[in-house]
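What the coordinates show
Residue-level listing of the chains:
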Amino acid sequence: MNQERFTAVDQYLDELFVGQDEALERALQRSAEAGLPAISVSPTQGKFLSLLARMCRARRILEIGTLGGYSAIWLARALPQDGQLVSLEYEPRHAAVARANIADAGFAGQVTVHEGRALDLLSRLEAQHGEPFDFVFIDADKDSYTQYLEWSIRLARSGATIVADNVIRDGAVVNAGSRDAMVQGVRRFNATLAADPRVSGTALQLVGSKGYDGMAIAVVL
Ligand code: SAH
Ligand code: DHB
Ligand code: MG
């Protein structure tokens, strides 16, 4: 693969379309210092998510998989004044770093990080009968992606957008016989997304500083 070239082009695009961004840079630095894995979306992907949420005029956003809050900050920036982002994270250490990063970026009042297994937290959200979500970003454990899709459809309004990260996995997604549980998880997810009559979706391959992967995008019908 041409990883060097993908990284160089991502640097070029970052400089043009993102530039110096102190809150995001501090978020990545704090995450690295705390020993979190460097698996957040890239700057250009973060801006892409933020633009998508803005294009949808999303007022209520659900994120599954917070890590250090990097993508959450991007998504929160798309919100109107009265908008809310709910983000779900299993690891208490990740959630703590994310809350610090989110507060530092000025979004403590608009972003709530819930701690626990996403599947438990999602059923709790349903029981609370909150307003439906306008936009969902799925980015936690790949094994459970199909269940996250089901919950996203249940918790989102008709017309809502669902985006899922990491659905290409370096191209390994084409290997039906893969013994990698992550690959099998995204294969099940992609097949379900394609077949489910309640959504219309597609997936895009992406290259850049984070390697070769991709995102699925869907609308709830
Ligand atoms: N969206 C983030 C990256 C998320 S990485 C960003 O782009 O900045 C995936 C995160 O999902 C990790 O923090 C991991 O701890 C979390 N996770 C894994 N399994 C989970 C589960 N069952 N429930 C909730 N979070 C989970
Ligand atoms: C990996 C990357 C991700 O974006 C993610 O959400 C989970 C894992 C990875 O490269 O392992
Ligand atoms: Mg991801």
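Above this text you will find the structure in question.
So, here is what we can say about the structure in this document. Fair warning: this is a prediction, and the values are worked out from it, not measured in the lab.

Below, the discussion takes up the overall build of the protein chain. When you go through the protein chain residue by residue, the secondary structure sums to eight helices and seven strands. Taken over C-alpha atoms, the radius of gyration comes to 16 Å for the protein chain, in line with the 17 Å a tight globule of 221 residues would show. Along the first, second and third principal axes, the C-alpha set of the protein chain runs to 45 × 40 × 30 Å. In the protein chain, buried positions account for 49% of the 221 residues. In the protein chain, once contacts between residues fewer than 6 apart in sequence are set aside, the share between residues at least 24 apart is 71%. Carbon together with sulfur atoms contributes 53% to the accessible area of the protein chain, which is approximately 10900 Å² in total. Of the side-chain charges in the protein chain, 22 are positive and 27 negative, and the distance between the mean point of each set is 4 Å.

Right, let's get into the coordination of the magnesium ion (ligand 3). Protein coordination at the magnesium ion (ligand 3) comes from Asp139 (OD), Asp165 (OD) and Asn166 (OD1), with a distance range of 2.0 to 2.1 Å. Mapping the donors of the magnesium ion (ligand 3) onto the primary sequence gives the spacing D-x25-D-N. Residue Asp139 is located in the loop between β4 (133–138) and α7 (145–155), and its partner Asn166 is located in the loop between β5 (156–165) and α8 (181–195); the two are separated by 27 residues in the primary sequence. Accessibility classification places Asp139 together with Asn166 in one group, the buried group.

Before going further, it helps to examine the sheet that holds strand β3 (residues 111–115). If you trace the seven strands from one edge of the open sheet to the other, you get β3-β2-β1-β4-β5-β7-β6, paired in mixed fashion. If you trace the sheet from one side to the other, it starts and ends with β3 and β6 (199–208), each paired once. Ignoring which end each strand starts from, the neighbouring axes of this sheet average 15° apart. Across five bridges, strand β1 (residues 60–64) lies against strand β2 (residues 84–89) in parallel orientation. Of the residues in β2, the one forming a bridge with Glu63 is Ser87.

Before going further, it helps to examine the pairing of β6. Of the strand pairs in this sheet, β6 and strand β7 (residues 211–220) are connected by 10 bridges, and their pairing is antiparallel. Bridge pairing in β7 links Gly201 to Ala218. Linking two consecutive strands that pair antiparallel, namely β6 and β7, is a turn of two residues.

Bringing the site of ligand 1 into the picture now. Taken together, 21 residues lie near ligand 1, and Gly65, Ser71, Glu89, His94 and Asp139 sit nearest. Between a nitrogen atom of ligand 1 and a side-chain N or O atom of Ser71, the distance comes to 2.8 Å. Tyr90 has a polar backbone atom sitting 3.1 Å from a nitrogen atom of ligand 1. Bound to the protein, ligand 1 loses 89% of the 580 Å² it would expose on its own. Of the residues contributing to the shell around ligand 1, the split by class is nine nonpolar, six polar and six charged.

Quick look at the pattern of salt bridges now. Applying the stated rule across the entire model yields 13 salt bridges. As a salt-bridge pair, Arg117 and Asp120 come within 2.8 Å of each other at their nearest N and O atoms. A salt bridge links Asp134 to Arg157; its shortest N-O distance comes to 2.7 Å. Separated by 23 residues along the polypeptide, Asp134 in strand β4 and Arg157 in strand β5 bring together distant segments of the chain. Among the residues examined, Asp134 registers a relative accessible area of 11% and is labelled buried. By relative accessible area, which is 30% here, Arg157 ends up partly exposed.

What counts, and where the lines are drawn
Residues numbered from 1 in each chain as written. Chains lettered and ligands numbered in written order. Predicted model: local features only at pLDDT ≥ 70, side-chain atom pairs only at ≥ 80, totals over all residues. Heavy atoms only, no water. Helix = DSSP H or I, 4+ residues; strand = E, 2+ residues; numbered from the N terminus. Rg over C-alpha atoms; globule rule 2.2 N^0.38 Å. Buried < 20%, exposed > 50% of the residue type's maximum accessible area, 1.4 Å probe, protein only. Contact = heavy atoms within 4.5 Å. Areas by Shrake-Rupley, 256 points an atom, 1.4 Å probe, with all protein chains shown as cover. Lys, Arg positive; Asp, Glu negative; His and termini not counted. Charge placed at Lys NZ, Arg CZ, Asp CG, Glu CD. Donors = N, O, S within 2.8 Å, 3.2 Å for Na, K, Ca; no water. Pairing = 2+ DSSP bridges. Axes fitted to C-alpha atoms, helices over the stretch in contact; angles between N-to-C directions. Near = heavy atom within 4 Å. Polar contact = N/O pair within 3.5 Å; in protein donor to acceptor, adjacent residues only side chain to side chain. Nonpolar A, V, L, I, M, F, W, Y, C, P; charged D, E, K, R; others polar. Salt bridge = Lys/Arg side-chain N within 4 Å of Asp/Glu carboxyl O.

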